[in-house]
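# Topology and contacts: notes
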Amino acid sequence: MEDKREIEALLEQMHLKEKEEAMQKKHSFWESQPVKQFSEEQNSETVEEGPVQVNQDAKGVRETGYALPGGYEWCDCDISSAEGAEEVYTLLSENYVEDDDNMFRFNYSSHFLSWALQPPGFKPFWHVGVRVIKSKKLVAFISAIPAKIRVGKNSPKGKDGVSMVEINFLCVHKKLRTKRLAPVLIREITRRVNLFDIWQASYTAGVIIPTPLATCRYFHRSLNPKKLIEVGFSKLGKRMTLSRTIKLHKLPQKTSTPGLRRMSKEDAPQVLELLNAYLAQFDLACLFQSVDEVEHWFLPRENVIYTYVVDAGEGKDGKRKITDIMSFYSLPSTIIGNEHHKELRAAFSYYNIANTASLKSLMEDALICARDENFDVFNALDIMQNAEFMKDLKFGIGDGHLQYYLYNWKVKKALTPQQVGLVLL
């Protein structure tokens, strides 16, 4: 227990130091963008909530793409074709996010990308790539998808939501990192989104730039402790043996929530109602707008998204009553330089609503379901009510933070993780 507290204190200290350094550093690109600046953090009372730039007109947006270095060209990536999805998958699997020790790299599957990038209303024009003109090789990518985001519970926009995009998968080939392509990609995706009269965006990053709306932390729950220790994801605790560690993380054989089953298409209308009712309590949350949207994001897809509902049986109207929801998505990582293991299978907590079951028992069932699907680890951010179950279910603190950001939108004060009800993939 002592060790645990020491580790948590050390990690918090490291994060504060990282934040201090980020605030003292010059951020030439972000200081030129319509985002809340670090200097405004000190005088939050003078900050007006809402857009940084107002009354913008899509007619004034430039119609041509931004200039790229010689030898490169813009392209739209066709995620709906197997070839297009595979091309983006290859770029990301070889060049995307790695941990600080370069041991693990996110390995989004092409099926996952098809899911993440093609919700109702998606635009291929917002799947932006950079190619080498001669070879046609894809060397950079950035994406946007449409979303309705609520900011602030008590503001008009808190109720109705703001039409935004979620920005994701910014990736530049390792050999081109010196060419300063990332700012050009951000400018280009902004231009393409602005052409549709949308002026706000939400995004997350592991790094600290001007200015986080919220800072959240990852927590990890071992499902396969032996493998996690072998690949260096976890370490044996002091005075712990492997057999004791395995025993400590052992889960019940079966789930305990009565009526728990996989979600089906017929459940979508009730899931939509449950989601929006639950998410109304948070200051930053997605506003799900249609049954189609819920079907897209929540209907189970093998190795992509796993959603379970609690079915309370038929009501007086003869319809089945759905009371609770539990979901997680699959995001494996490539294990770099390990002879015996090539992939770490990670489940990530998505949206969970406990109305009739306790949140702890519902999430224990999530761990059991993930274990039965052969996941090695279950990851969760400390957003929403997640902190309530982490200690009891033996989640360990991770060394990674995730910052939430809004583009062209300011709030007076940063949110706590418990005020965040938004999961960005």
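Our subject is the structure listed above.
Residues numbered from 1 in each chain as written. Predicted model: local features only at pLDDT ≥ 70, side-chain atom pairs only at ≥ 80, totals over all residues. Heavy atoms only, no water.

Let us now look at the sheet that holds strand β13 (residues 343-344). If you trace the three strands from one edge of the open sheet to the other, you get β2-β12-β13, paired in antiparallel fashion. Of all strands in the sheet, those with a lone pairing partner are β2 (104-106) and β13, marking the two edges. Here β2 runs beside strand β12 (residues 333-335); their pairing, made up of three bridges, is antiparallel. Across the sheet, R105 pairs through a bridge with T334, a residue of β12. (Pairing = 2+ DSSP bridges. Helix = DSSP H or I, 4+ residues; strand = E, 2+ residues; numbered from the N terminus.)

Evaluation of the coordinates by the stated rule reveals 15 salt bridges. Note that E87 and R131 form a salt bridge whose closest N and O atoms lie 2.6 Å from each other. Note that E87 is positioned in helix α3 (residues 82-95) and R131 in strand β3 (residues 127-132), a separation of 44 residues in sequence. Look at R131 and you get buried, because its relative accessible area is 14%. Residue D267 is joined to R261 by a salt bridge in which the shortest nitrogen-to-oxygen separation is 2.8 Å. On the accessibility criterion, R261 (25% relative accessible area) is partly exposed. Each of D76, E188, R191 and R192 takes part in salt bridges that share partners, so that together they form one network. (Salt bridge = Lys/Arg side-chain N within 4 Å of Asp/Glu carboxyl O. Buried < 20%, exposed > 50% of the residue type's maximum accessible area, 1.4 Å probe, protein only.)

Under the definition given, this model contains 33 aromatic pairs. With 5.8 Å between their ring centres and 70° between their planes, F106 and Y108 make a pair best called edge-to-face. By relative accessible area, Y108 is classed as buried at 4%. Ring geometry for W115 versus W297: centroids 5.3 Å apart, planes at 75°, classification edge-to-face. Highlighted residues: W115 in helix α4 (residues 110-117) and W297 in helix α10 (residues 291-298), separated in sequence by 182 residues. Residue classification places W115 among the buried residues on the basis of a relative accessible area of 0%. With a relative accessible area of 7%, W297 lands in the buried category. One cation-aromatic arrangement involves K123 over W126; the distance from NZ or CZ to the ring centre is 5.0 Å. One residue, K123, lies across the ring of F196, its end atom 5.0 Å from the ring centre. (Phe/Tyr/Trp six-rings, centres within 6.5 Å; stacked < 30°, edge-to-face > 60°. Lys NZ or Arg CZ within 6 Å of the ring centre and 35° of its normal.)

Attention shifts here to helix α6 (residues 181-194). Along its 14 residues, α6 runs 20 Å from first to last C-alpha, staying within 8% of the 20 Å computed at 1.5 Å per residue. A large share of α6 lies buried, amounting to twelve of its 14 residues. (Expected span 1.5 Å × (residues − 1).)

Here we take up the environment of V310. Among the structural elements, V310 can be located in strand β10 (residues 305-314). Through-space distance from the C-alpha of V310 to that of V162 is 31 Å; in sequence the pair is 148 residues apart. Setting aside chain neighbours within four positions, we find V310 in contact with T257, P258, G259, L260, K321, I322, T323, D324, T356 and L362. (Contact = heavy atoms within 4.5 Å.)

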